[in-house]
Amino acid sequence: MNTNETQSDIWRWMPDQMSTFASNVDGLFYFILILCVIFFTLIVGAMVYFVVKFRRRTDQDETPLIKGNHTIEIIWSVIPGILLIAIFTWGFVDWMKLGTVPPNALDVRVEGYKWAWSFVYPEGIVSGELVVPVGKPVKLTMSSKDVLHSFYVAEFRIKRDVLPGRYTVQWFEATDTGEHWVQCTEYCGTSHSKMIAKVKVVSQEEYDEWISTGGGMGDDVPLADLGKMLYEQRGCVACHSLDGSKVVGPTFKGLYGVERKFTDGTSAVADDNYLKTAILAPNDTVVEGFSPVMPSFQGQLNDRQISALIEFIKSVSQ
Amino acid sequence: MFLSQQRTNSAAADASGSEPSYLTAKRGLMSWLVTVDHKRIGLMYLVSVLFFFLVGGLFALAVRMELFSPAENYFSADTYNKLFTLHGAVMVFLVIIPSIPASLGNFFLPLMLGVKDVAFPKLNLLSFYIYVFGACFFLYTLVSGGLDTGWTFYTPYSSSSSETSVISSTFGAFVLGFSSILTGVNFIVTMHKMRAPGMTWTRMPLFLWSLYATSVIQVLATPVLAITLLLLIAERTLGIGIFDPAMGGDPVLYQHFFWFYSHPAVYIMILPGFGVISELITINSRKHIFGYKAVAISSVSIAVIGFLVWGHHMFVSGQSEFISVFFSFLTYAVGLPTAIKVFSWVATMYKGSITLTTPMWYALSFLFLFSIGGLTGLFLGALSVDVHLHDTYFVVAHFHYVMMGGTIIAFIGGIHHWWPKMTGKMYNSAMGNLGCFLTFVGFNVTFFSQFLMGSQGMPRRYYTYLEQYETLHVISTIGSQVLGLGLFVTLFCFIHSLMAGKKAGKNPWGGLSMEWETESPPIEHNFHGQPVCERGPYDYGK
Ligand SMILES: [Cu+2]
Ligand SMILES: [Cu+2]
């Protein structure tokens, strides 16, 4: 993992290169950067030189009447013009690569919702972390359940908006194992900045192992541990705290077994049944002081996972 | 020292100055509220714009304070989201768009043309009141729950999800658009119909050319914004289903509409700044502008091509990948005329007689900052690189270098330049220079660090962030405080001048355009008699 190295190193431009696109994109980035430095130095250098050299000496200074110079004007239009076309072309060529998904790519579906990501594998595994094998192209078919989001992994140099009611596609091929962050880059409300997920690039063997154990959520994982994983990976963490503070939803601390009051005036005790309904049909009853913004997890979690979440809530309640 | 530079001008040399100035010709609050004098309207705009600049600036400082560390420092996530949204919306709609055209433009367009007023003085007053009316909706938004959509109002968040005052703020922006359109129409007609004898098109100062190009964009593009915002309001209140996919709409369509206005609006914001800089550099170098035609034509070609590049804001939005290619190409096409302008300004200084007045310091500061702003646009126009940089702090830094380092610096420089003419008072130039210097330093510290964090992958509109970006955020926040200090020094410099400034002469900087031929401050009808234009505005030297 290289996140530790990057932490101290602020005077750098691009992050580590971790996908097959990265070196191309960075090549163009640094090419433009060099051009910028050259042009900036010329402009500001000439400006400073003129200010010093031609500063006003007396109030009667005579200045020559220069209205222009065709040769110079043509030179400084044509040369930048050619450079601009070169930059455009370079960007275009890599853009086409970005848009051409290799046919042998591994298919992963990405769902964005306020405020988490979930990744659905062809084997039926639903995970809150994107786990991919190194050296294999991965195709992401993405859609959103609510508003716009955008799927961005800086180390891969990929980004694409995730829209409701439509699929967008992007792909990448990781070049080394390691962990990175998916960050949401399209503003989506309160916890936009917490809409991040881990990307784990692992070896093919580890990947196969991960798939065969149901995405690390196999039956051998203790319930409360599984609950904690689900809490972190499936977005509960963006709205529910464990330390008693109120975020978008009520805290889980001390929740189990206490009496809940609802906006419609009714109330209930937070037992297993209540928690199950609260997760699958959250808007049937809405806790007083909150708005009905929790998405339903009906069909998203299996029975064991629901029990695990309840177990987890119980464990943080004591 | 400034007073000594007066030049005698043939047209108005006989002026005695016994007539009262526009400030004293009529008195009392009512004389301001119902005035049709373009100078008074310009001043009222100036004061309102500066007021909102203060408001938007305080929001910005609050945003930077919160980002000092990734933890929750002063505000909740929801409050933070409102702060950055209001900062953006106030700065764009209430400050930058009206800044130069409505204040300095209103004041100086007729003076530079050598005429008594704009073509439709009453319409001009109406524009001002429409602006005030629109601004009231923004103030209402502030007290009625704020706004958290980002200034771009992207759907479906704005139409279906946000629980804040989206309708009052979009309606405010809708109303402000009319103010902008009416000012544009007024300026275009004035320039076509009301030039002083001898004032040919090619004798018009470049500031007026830039206002002309700006006005054309305002008139053509703003109606699209108005339609877009109305549709958004209809979507939110009636659920007509144009933008929200849940009702069969298309959120990307909204972005097309929005940027079809808002990209040209970038030029509404920057072109007047270009115009101001052309004036500042020529006067303070006593040189003819280098390539007058190239500079004037580039304003117009920017205005035209600027209509065809809106999709460069949407490379990763899900729009067609092929259309993105055209937008990228045209983006570079519009970059070229801008580059030519910058080169021409620098070349203008060659063999000049350069004096470092406060306005000139602002012009130099502009060249420095705007060059960075313009050059960093090259990264964002490149398709593959933009995929990485889009919606990161790199973009935030880029447009602040253009909008603040460009437009606002030109605006403040322009105020310093024309301050003696508007108020009849000089200011303490040491204090003015200090303000300029602190602003310059603070600005670079604030925003250059944002280029770095952006290219490293820090997304924009984030309330909290990964720890690796913390150092750069700390630097940026400290910079913002220096920047704020610089702006307060500048404000103090103006207030000090009003209270204790020396009296200004007609032409403290030795300018040749016609506004310098009348009194400082000008008389109510601008000129004694009808002045005649006998030379170009930059006919310095031999
Ligand atoms: Cu988001
Ligand atoms: Cu644009």
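Keep in mind it's a predicted model, so treat the numbers as computed, not measured.

## Focus: the side chain of B:Ser317
Mapping B:Ser317 onto the fold places it in the loop between helix H9 (292–305) and helix H10 (321–348). Only 2.8 Å separates the side chain of B:Ser317 from the backbone oxygen of B:Met314, close enough to count as a polar contact. Reaching out from B:Ser317, the side chain makes a polar contact with the backbone nitrogen of B:Gln319 at a distance of 3.3 Å. In this structure, B:Ser317 is in contact with A:Asp161, A:Leu163, B:Val252 and B:Gln255, ignoring residues within four places of it in sequence.

## A short note on the coordination of the copper ion (ligand 1)
Every protein donor of the copper ion (ligand 1) is listed here as A:Cys184 (SG), A:Glu186 (O), A:Cys188 (SG) and A:His192 (ND1), and their distances to the metal cover 2.1 to 2.6 Å. Overall, A:Glu186 belongs to the buried group, its relative accessible area being 5%.

## What to know about the coordination of the copper ion (ligand 2)
Residues and elements named next belong to chain B. Note on the copper ion (ligand 2): its protein donors are His263 (ND1), His312 (NE2) and His313 (NE2). The metal-donor distances range over 1.6 to 2.0 Å. Ordering the donors of the copper ion (ligand 2) by residue number gives the pattern H-x48-H-H. Highlighted residues: His263 in helix H8 (residues 251–285) and His312 in the loop between H9 and H10, separated in sequence by 49 residues. We note that His263, like His312, is buried.

## Topic: the pairing of strand E5 (residues 137–144) of chain A
Residues and elements named next belong to chain A. Most of E5 is tucked away, with seven of its eight residues classed as buried. Relative to E5, strand E1 (residues 106–113) is paired through seven bridges, and the arrangement is parallel. Paired with Gly112 across the strands is Ser144, a residue of E5. Across six bridges, the pairing between E5 and strand E8 (residues 168–173) is antiparallel. Among the inter-strand pairings, Leu140 is bridged to a residue of E8, identified as Gln170.

## Let's talk about the pairing of strand E4 (residues 130–133) of chain A
Residues and elements named next belong to chain A. Burial along E4 is two-sided: the face carrying Leu130 and Val132 and the face carrying Val131 and Pro133 are both buried. For E4 and strand E10 (residues 196–202), the ladder comprises four bridges, and the chain directions are parallel. Across the sheet, Val132 pairs through a bridge with Val201, a residue of E10.

## A short note on the domain arrangement of chain A
Residues and elements named next belong to chain A. When its domains are assigned, chain A resolves into domain 1 (3–57 + 66–99), domain 2 (106–212) and domain 3 (223–317). Averaged C-alpha coordinates put domain 1 and domain 2 at centres separated by 32 Å. With 14 residues of domain 1 in contact, the opposing surface of domain 2 contributes 13 residues. Interface of domain 1 and domain 2: buried area, both sides summed, is about 1,200 Å²; carbon and sulfur atoms make up 59% of it. On inspection of domain 1 and its partner domain 2, the count reaches one salt bridge. Arg157 serves as the salt-bridge partner of Asp26, at 2.7 Å between the closest nitrogen and oxygen. On inspection of domain 1 and its partner domain 2, the count reaches nine residue pairs in polar contact (both at pLDDT 80 or more). Secondary-structure elements contributing two or more residues to the side of domain 1 that touches domain 2 are helix H2 (22–53) and helix H3 (70–99). Class assignment for the residues of the side of domain 1 that touches domain 2 results in eight nonpolar, three polar and three charged.

## With respect to the confidence of the model for chain A
All names here are of chain A. On average, residues of chain A score 89 in pLDDT, and 97% of them reach the 70 mark or higher. Mean pLDDT per element in chain A: helix H1 (residues 3–8) is the minimum at 45, and strand E6 (residues 149–153) is the maximum at 97. Contacts from residues 1–7, a stretch scored under 50 in pLDDT, to residues over four places away or in other chains number seven contacts.

## A closer look at the sheet that holds E4(A)
Residues and elements named next belong to chain A. One open sheet holds the five strands; their spatial order is E4-E10-E9-E6-E7, and the pairing between them is mixed. The outermost strands of the open sheet, each flanked by one partner alone, are E4 and strand E7 (158–162). Each strand axis lies, on average, 20 degrees off the axis of its neighbour in the sheet, ignoring direction. Against the sheet, helix H4 (residues 204–212) touches E4 and E10, its axis set at about 135 degrees to E4.

## What to know about the confidence of the model for chain B
Residues and elements named next belong to chain B. Scored by pLDDT, chain B comes out at a mean of 92, with 97% of its residues at no less than 70. Per-residue pLDDT, averaged within each element of chain B, yields its smallest value for H9 (85) and its largest for helix H13 (residues 393–423) (97). Long-range and interchain partners of residues 1–17, a stretch whose pLDDT sits below 50, account for 35 contacts in this model, where long-range means more than four residues apart. The ipTM, which scores confidence in the relative placement of chains, is 0.91 for this predicted complex, and the corresponding pTM is 0.90.

## Some points on the packing of aromatic side chains
Aromatic ring pairs are described here by two measures, namely the spacing of the ring centres and the angle between the planes. A full pass over the atoms with the stated rule returns 74 aromatic pairs over all chains. Ring centres of A:Phe50 and B:Tyr350 lie 5.6 Å apart, and the angle between their planes is 55 degrees; this geometry places the pair in the tilted category. With A:Phe50 in helix H2 and B:Tyr350 in the loop between H10 and helix H11 (358–381), this pair bridges two chains. Residue A:Phe50 is classed as buried on the basis of its relative accessible area, which comes to 12%. Aromatic side chains B:Tyr401 and B:Phe443 sit 4.8 Å apart centroid to centroid with 80 degrees between the ring planes, which places their arrangement in the edge-to-face category. Separated by 42 residues along the polypeptide, B:Tyr401 in helix H13 and B:Phe443 in helix H14 (residues 429–455) bring together distant segments of the chain.

The rules behind each value
- Per chain, residue numbering runs from 1 following the sequence as it is written.
- For this description, chains carry letters from A and ligands carry numbers from 1, given in the order in which they are written.
- Totals for whole chains, interfaces and linings use every residue, but because this is a predicted model, local features are given only for residues with pLDDT of at least 70 and side-chain atom pairs only at 80 or more, for both listing and counting.
- Side-chain numbers here rest on the full set of heavy atoms in the structure, without hydrogens or water.
- To qualify as a helix, a DSSP run of H or I must reach at least 4 residues; to qualify as a strand, a run of E must reach at least 2; elements of each kind are numbered from the N terminus.
- Distance and chemistry together define a polar contact, namely a pair of N or O atoms within 3.5 Å, with one atom able to donate a hydrogen and the other to accept it when in protein, and with adjacent residues in sequence counting only for side-chain atoms on both sides.
- Throughout, a contact is declared for two residues whenever any of their heavy atoms are within 4.5 Å.
- Note that water is not among the atoms considered, so a metal site may appear incomplete; the donors listed are N, O and S atoms within 2.8 Å of the metal, with 3.2 Å applied to Na, K and Ca.
- Exposed residues in this analysis have more than 50% of their type's maximum accessible area, buried residues have under 20%, and partly exposed residues fall in between, with area computed by a 1.4 Å probe over protein chains only.
- When DSSP finds at least two bridges between two strands, those strands are taken to pair.
- The domain boundaries here were taken from an automatic or database domain assignment.
- Note on definitions: buried area is the accessible-area loss of two parts on being combined, 1.4 Å probe, summed for both.
- Throughout this description, the term salt bridge denotes a Lys or Arg side-chain nitrogen within 4 Å of a carboxyl oxygen of Asp or Glu.
- The nonpolar class holds Ala, Val, Leu, Ile, Met, Phe, Trp, Tyr, Cys and Pro. Asp, Glu, Lys and Arg form the charged class, and all remaining residues, Gly among them, are polar.
- The score called pLDDT rates the predictor's confidence residue by residue, from a low of 0 to a high of 100.
- Lines are fitted to the C-alpha atoms to define the axes, a helix being fitted only along its stretch in contact, and any angle between axes, read from their N-to-C directions, falls within 0 to 180 degrees.
- Geometry of aromatic contacts follows a simple scheme: Phe, Tyr and Trp rings, the Trp one being its six-membered ring, pair when their centres are within 6.5 Å, and the pair is stacked under 30 degrees between planes, edge-to-face over 60, tilted otherwise.

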